Amino acid sequence: FILGFFVQFLSKRRVIVESMAALMGVGMIFWGLEFIRLGTKDLGGNEAFSLLLRSFSENPVLTLIFTSAFTAMVHSSAVTIGLAMTLVGHNLISLDDSVYWIFGANIGTTATALIASIGANSMGRQVAWAHCLYKVAGVILFYPLSSYMAEYLATGEPLRDVANINTFYNCMAAILFYPWISKGAVLVEKLIPLSGDEKEYSVRYLKKTDWESPSIVLAHAERELYRMSDIVVGMIGDSLTSVKKNDSEFVRHMRKRDDRADILSRELNLYLAQQLEMAPDRKSTRLNSSH
């Protein structure tokens, strides 16, 4: 932290300043974890704190709720897991109890994205809620296996065991849910549909699932390109109106339309790149030359 502070203070290059700010943030995380370690060591003799931990041990659901809320408050699952490691190291909670702390930390870390999605467009909310649903589903799936993970992953080193359980849980959850990504995306899109204004700027004719012949691929792309051109032409006409009106709200709306048109352009490029990648060698040459 000190190194990052002085380099950031003395440097005038933007890249170095931002890099040192990131370094300071990392340093503060570990500094904070060290304070947590020192603080929990002294709290071990506090009767009220011991009673709280005992109630958590007797009620895993309460542990999940508390650790999820705590993680959401501090905006860091690493802090919650670090706290669990410290408590296990001081024999204040068992390794079995730490698994529920890990579960709560994984759920609570989604709060940051959910808060950031407030006021965002539908796509932003879809991403935030997809993250949240994935984490909650993972906890539901592994909740009955918590004691087994603590038993079979225990090595006799409590701090390392907590870290290993967290790594194992996240890796296994990713592996199990990976084949269901497309179905999960469909579910989230149904739960949080695009608004009418957003649908105008989303793709309509592109089919990304299967490879089609070069002529059909280009036909889909041309239809989408013509639609995007109509949107851009309309924006050009409206931009002249904005100059005459000098309306700040109208200008803000124009900027939002421009951002969405950029997204549509990116989707078109990704579609062509994907079709080119899936195409057989002979047909990919034809598609590339046509493109």
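The structure contained in this document is the topic of the report that follows.

Rules of the game
Residues numbered from 1 in each chain as written. Predicted model: local features only at pLDDT ≥ 70, side-chain atom pairs only at ≥ 80, totals over all residues. Heavy atoms only, no water. Helix = DSSP H or I, 4+ residues; strand = E, 2+ residues; numbered from the N terminus. Buried < 20%, exposed > 50% of the residue type's maximum accessible area, 1.4 Å probe, protein only. Contact = heavy atoms within 4.5 Å. Areas by Shrake-Rupley, 256 points an atom, 1.4 Å probe, with all protein chains shown as cover. Core = buried A, V, L, I, M, F, W, Y, C linked by side-chain atoms within 4.5 Å. Axes fitted to C-alpha atoms, helices over the stretch in contact; angles between N-to-C directions. Parallel < 35°, antiparallel > 145°, perpendicular 65-115°, else oblique. Left-handed = near helix turned anticlockwise from the far one by under 90°.

**Points about the overall build of the protein**
- Along its length, the protein carries 15 helices and zero strands.
- In the protein, buried positions account for 31% of the 291 residues.
- Put simply, of all contacts in the protein between residues at least 6 apart along the chain, 69% involve residues at least 24 apart.
- Total accessible area on the protein is roughly 18,100 Å²; 63% of this is exposed by carbon and sulfur atoms.

**With respect to the nonpolar core**
- Membership of the largest hydrophobic core comes to 28 residues, with the highest contact counts inside it found for Leu53, Leu87, Trp101 and Phe103.
- Elements represented by at least two residues in this core include exactly α3 (47–58), α4 (60–74), α5 (77–89), α6 (95–108), α8 (122–142), α9 (146–152) and α10 (158–177).
- The leading source of residues in this core is α6, at seven residues.
- Contacts of Phe103, omitting those with residues within four sequence positions, involve Leu64, Val139, Phe142, Tyr143, Ser146, Met149 and Tyr169.
- Among the nonpolar cores identified, the runner-up in size contains 12 residues, and Met228, Ile231, Met235 and Leu264 belong to it.

**What to know about the packing of α6 against α10**
- Contact geometry of α6 with α10 gives a least axis separation of 10 Å together with a crossing angle of 45°. Classed by the angle they form, the pair α6 and α10 counts as oblique. For α6 against α10, the interelement crossing comes out right-handed. Residues Leu95, Ser98, Val99, Ile102, Phe103 and Asn106 of α6 pack against Pro158, Asp161, Val162, Ile165, Asn166, Tyr169 and Asn170 of α10.

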